[in-house]
Amino acid sequence: MSMPLSLEWCIITHGEEMRVEEKENTFTLKLDGYQLFPIDQFIDIKRTDNAEQIGTAKVVEMSWFANTTVITYELISLYNVN
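In this text, all values refer to a predicted model and were calculated from it rather than measured experimentally. (Residues numbered from 1 in each chain as written. Predicted model: local features only at pLDDT ≥ 70, side-chain atom pairs only at ≥ 80, totals over all residues. Heavy atoms only, no water.)

## A few points about the overall build of the chain
Part 1: When you go through the chain residue by residue, the secondary structure sums to zero helices and eight strands.
Part 2: For the chain, the succession of helices and strands along the chain, N to C, is β-β-β-β-β-β-β-β.
Part 3: Against the 2.2 N^0.38 benchmark of 12 Å for 82 residues, the chain shows a C-alpha radius of gyration of 13 Å, consistent with a compact globule.
Part 4: Here the chain holds 82 residues, and the buried ones make up 33% of them.
Part 5: Carbon together with sulfur atoms contributes 50% to the accessible area of the chain, which is approximately 5600 Å² in total.
Part 6: The distance from the centre of the 6 positive side-chain charges to the centre of the 13 negative ones in the chain is 2 Å. (Helix = DSSP H or I, 4+ residues; strand = E, 2+ residues; numbered from the N terminus. Rg over C-alpha atoms; globule rule 2.2 N^0.38 Å. Buried < 20%, exposed > 50% of the residue type's maximum accessible area, 1.4 Å probe, protein only. Areas by Shrake-Rupley, 256 points an atom, 1.4 Å probe, with all protein chains shown as cover. Lys, Arg positive; Asp, Glu negative; His and termini not counted. Charge placed at Lys NZ, Arg CZ, Asp CG, Glu CD.)

Dropping the structure here:
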């Protein structure tokens with residue numbers, strides 16, 4: 001049995017990110033399916049697939065379970081304020 005997996009080079013949030021209270025500028029995001037992100041590399045953040053880039057982040061933790069990916073990322077830079 002195969003496992004569908006996609007390799008991602010951009011974080012698409014759809015506004016569903018959650019702030020991690022204990023750490024400054026750190027967020028978690030729960031995504032459908034199994035997605036693989038580069039760890040400890042700067043990657044783009046967008047709100048939607050077709051939106052402009054809103055900032056840069058670094059994924060610091062990633063986990064997979066029950067056809068779900070959960071990433072924790074540190075916001076490195078934000079291009080404009082919401």
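## Examining the pattern of salt bridges
Part 1: If you walk through the whole model with that rule in mind, you get one salt bridge.
Part 2: Across the pair Arg47 and Glu17 runs a salt bridge whose closest N-O atoms are separated by 3.1 Å. With Arg47 in the loop between β6 (42–46) and β7 (53–65) and Glu17 in the loop between β2 (10–12) and β3 (18–19), the pair connects residues that are 30 residues apart, well separated along the chain.
Part 3: The exposure class of Glu17 is partly exposed, given its relative accessible area of 22%. (Salt bridge = Lys/Arg side-chain N within 4 Å of Asp/Glu carboxyl O.)

## Observations concerning the sheet that holds β6
Part 1: What the six strands build is an open sheet, ordered β2-β6-β7-β8-β4-β3; its pairing is mixed. Either end of the sheet is taken by a strand with one partner, and the two such strands are β2 and β3.
Part 2: Bridge count for β7 against strand β8 (residues 68–78) is ten bridges, and the pairing is antiparallel. Within β8, the residue paired with Met62 across the bridge is Ile71. (Pairing = 2+ DSSP bridges.)

## Concerning the packing of aromatic side chains
Part 1: Under the counting rule described, the total for this entry stands at two aromatic pairs.
Part 2: Judged by centre distance (5.7 Å) and plane angle (25°), the ring pair of Phe27 and Tyr73 falls under stacked. In this pair, Phe27 sits in strand β4 (residues 26–32) while Tyr73 sits in strand β8, placing the two residues 46 residues apart along the sequence. This pair shows no difference in class: Phe27 is buried, exactly as Tyr73 is.
Part 3: Ring geometry for Tyr34 versus Trp64: centroids 6.0 Å apart, planes at 70°, classification edge-to-face. With Tyr34 in strand β5 (residues 34–36) and Trp64 in strand β7, this residue pair connects regions lying 30 residues apart in the sequence. (Phe/Tyr/Trp six-rings, centres within 6.5 Å; stacked < 30°, edge-to-face > 60°.)

Treat this as a map of the structure, not an account of what it does.
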